[in-house]
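Descriptive analysis of the structure
In case you want the letters, here they are:
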Amino acid sequence: MYGNDFAVPDEPLNAAETPDYEAALAEHAAGEMDRSAESRASFDALIAADQRIEPRDDMPQEYRDTLIRQIAQHAHSEIIGMQPEGNWITRAPSLRRKAILMAKVQDEAGHGLYLYSAAETLGMDRSEMLDRLHSGKQKYSSIFNYPTLTWADAGAIGWLVDGAAIMNQVPLCRCSYGPYGRAMIRVCKEESFHQRQGFEILWALMQGTAEQQEMAQDAVNRTWWPALMMFGPPDTGEAATQGGHTEQSMAWGIKRFSNDDLRQKFIDMTVPQAQKLGLTLPDPDLRWNAERGHWDFGPIDWDEFWQVVKGNGPLNAQRIAHRVRAHEEGAWVREAATAHAAKQAATQERAA
Ligand code: BYC
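Residues numbered from 1 in each chain as written. Predicted model: local features only at pLDDT ≥ 70, side-chain atom pairs only at ≥ 80, totals over all residues. Heavy atoms only, no water.

The name that an unreviewed UniProt entry assigns to the protein is Phenylacetate-CoA oxygenase, PaaG subunit, with the source organism given as Kytococcus sedentarius.

Put into structure tokens, the structure is as follows:
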């Protein structure tokens, strides 16, 4: 049983099934991301022509720094993001659910690894990025600082958190920095499956007992607003960030849409899905605005967002402590892998 069994099959369930993603795939297939561009022109000309910047191209330090900041933050989000759902692997309600959830969490680890590799092409070592995560100098997404209290949270994360993540990541497939854009193509394919599995968990609960339906509704009530915050601070108004990165990142072709535009697209796509599931989104101001052709929605609590970003969310301290402990406990694996690589290299040298 998959999402298609209860959603209209030719209607996109997520952004990876929309023409935007198809366009990014076509762009890659047409070879517009190949390295031949690098010798052709300067950075500005490449950006103006919407070509890709590759690791050996000259690039302004600010462009490099912005990408390291964003890609490292993205990689850290994937790695820390394993914790909330990992919490449910041992308690998933059936063997099938357990196998699916394990595969999903493992996918997130893979995403983190591609992204660390993409960031390393910009000149920062993975161990340094991890040190910066552990010491709070680099961030990860606010969403992963909330607890997963019931099994329904696994559904709400897949449906809403992975759903928001794909909405943000499909345009990143067209990011001006080649290694990041290429990593995103595969990540989006996997996230698309993740979103469907979350939808399906909630669907199953909504066909169940009144208690199961309440559990699904409660998880959605708790996840909805933090999922909207994932897109980052608003573009305008009092809560807009002074000196936010959007304008510059859009000029460089790193971001293709503003935070508010992506948030609106996500809401527009998600409301009809909630209706199909029979779930209520916890926003009394949510209503269709025919004039705008979009769903209007209520105010987001940006104070809560900044508290979480600054480290004061419900689980920030626990998430980092758990990550640091896992890193320390994994030291012997890194040492063994390094010793094995040195041995292999010595053998190859002798053979040569
Ligand atoms: N949380 O000018 P802005 C996943 C910060 S994981 C924390 O808009 P930018 C998954 C921002 O860093 C996928 N901080 O910034 C895994 C900046 O502060 P700094 C996660 C946030 O970079 C497991 C300040 O606010 N996705 O899918 O232009 C299980 C001003 O913001 C957040 C990504 O990482 C936030 N939510 O735009 C399930 C996507 N939002 O750095 C699922 C890649 C903003 O100046 N990242 N800030 O101190 C991006 O697309 C962009 O970085 C953002 C922010 C849209 C998030």
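Text resumes after the structure shown.
Helices and strands together make up the secondary structure of the protein, namely 14 helices and 2 strands. For 352 residues, the compact-globule formula gives about 20 Å, and the C-alpha radius of gyration of the protein, at 21 Å, lands near that figure. Burial statistics for the protein: of 352 residues in total, 51% are counted as buried. The contacts in the protein between residues at least 6 apart in sequence include a share of 77% that link residues at least 24 apart. For the protein, the accessible surface area stands at approximately 17000 Å², while carbon and sulfur atoms represent 54% of it. One way to put it: in the protein the 35 positive side-chain charges average out to a point 6 Å from where the 50 negative ones average out. (Helix = DSSP H or I, 4+ residues; strand = E, 2+ residues; numbered from the N terminus. Rg over C-alpha atoms; globule rule 2.2 N^0.38 Å. Buried < 20%, exposed > 50% of the residue type's maximum accessible area, 1.4 Å probe, protein only. Contact = heavy atoms within 4.5 Å. Areas by Shrake-Rupley, 256 points an atom, 1.4 Å probe, with all protein chains shown as cover. Lys, Arg positive; Asp, Glu negative; His and termini not counted. Charge placed at Lys NZ, Arg CZ, Asp CG, Glu CD.)

One non-glycine residue, D50, lies in positive phi territory at about 55 degrees. Among the secondary structure elements, D50 is positioned in the loop between α2 (43–48) and α3 (61–80).

Turning to the side chain of R263, a few remarks are in order. Following the sequence through the fold, R263 ends up in helix α11 (residues 259–277). Classification of R263 as buried rests on a relative accessible area of 1%. In contact with R263, not counting residues within four places along its chain, are L228, M229, F231, G232, P233, P234, I300 and W302.

Moving on to the domain arrangement of the protein. Per the domain assignment, the segments making up the protein are domain 1 (15–29 + 44–303) and domain 2 (314–351). Using only C-alpha atoms to locate each centre, domain 1 and domain 2 end up separated by 27 Å. If you look at the interface, domain 1 gives 12 residues, while domain 2 gives 10 residues. Regarding the contact of domain 1 and domain 2, the summed buried area is about 1000 Å², with carbon and sulfur atoms giving 62% of it. Sorting the residues of domain 1 by area buried against domain 2 places Q83, H134 and N145 first, and these three jointly supply 53% of that buried surface. Our count for the domain 1 to domain 2 interface comes out at 0 salt bridges. One can count 5 residue pairs in polar contact (both at pLDDT 80 or more) joining domain 1 with domain 2. Going through the elements one at a time, α3, α4 (82–86) and α6 (126–134) are the ones with two or more residues in the side of domain 1 that touches domain 2. Per element, the largest residue contribution to the side of domain 1 that touches domain 2 is 3 residues, and it comes from α6. Across the side of domain 1 that touches domain 2, the residue classes break down as 9 nonpolar, 3 polar and no charged. (Domains from an automatic or database assignment. Buried area = accessible area lost by both parts, 1.4 Å probe. Salt bridge = Lys/Arg side-chain N within 4 Å of Asp/Glu carboxyl O. Polar contact = N/O pair within 3.5 Å; in protein donor to acceptor, adjacent residues only side chain to side chain. Nonpolar A, V, L, I, M, F, W, Y, C, P; charged D, E, K, R; others polar.)

Running from amino to carboxyl end, α3 crosses helix α8 (residues 178–206) at an angle of 25 degrees, the nearest separation of the two axes being 13 Å. Judged on the interaxial angle alone, α8 and α3 are roughly parallel. In this structure, α3 crosses over α8, and the sense of that crossing is left-handed. Touching L67, Q70, I71, H74 and E78 of α3 are Y180, M184, V187 and E191, all from α8. The residue inventory of the contact of α3 with α8, partitioned by class, reads 5 nonpolar, 2 polar and 2 charged. (Axes fitted to C-alpha atoms, helices over the stretch in contact; angles between N-to-C directions. Parallel < 35°, antiparallel > 145°, perpendicular 65-115°, else oblique. Left-handed = near helix turned anticlockwise from the far one by under 90°.)

Relative to the helices and strands, R64 resides in helix α3. No salt bridge is formed by the buried R64; the nearest opposite charge belongs to D65, separated by 6.3 Å. Once residues lying within four places of it in the same chain are set aside, the contact partners of R64 are M59 and L122.

Let's shift gears to the pattern of salt bridges. Tallied over the full model, the rule gives 15 salt bridges. A salt bridge links K104 to D162, with the nearest nitrogen and oxygen atoms 2.8 Å apart. Linking K104 in helix α5 (residues 95–120) with D162 in helix α7 (residues 152–172), this pair joins segments that are 58 residues apart in sequence. The class for K104 is buried, based on a relative accessible area of 1%. The exposure class assigned to D162 is buried, which follows from its relative accessible area of 4%. For E120, the salt bridge goes to R126, with nearest N and O atoms at 3.7 Å. With relative accessibility at 29%, the residue E120 sits in the partly exposed group. Through salt bridges with shared partners, a single network forms among E85, K104, E108 and D162.

Among the 35 residues in the neighbourhood of the ligand, the closest are listed as K139, S142, H245, K255 and N259. Within the side chain of E191, a nitrogen or oxygen atom sits 3.2 Å from an oxygen atom of the ligand. For the shell around the ligand, the secondary structure elements donating two or more residues are α3, α5, α7, α8 and α12 (302–312). Looking at which element gives the most residues to the shell around the ligand, the answer is α3, with 6 residues. Of the residues that constitute the shell around the ligand, the class distribution is 12 nonpolar, 14 polar and 9 charged. (Near = heavy atom within 4 Å.)

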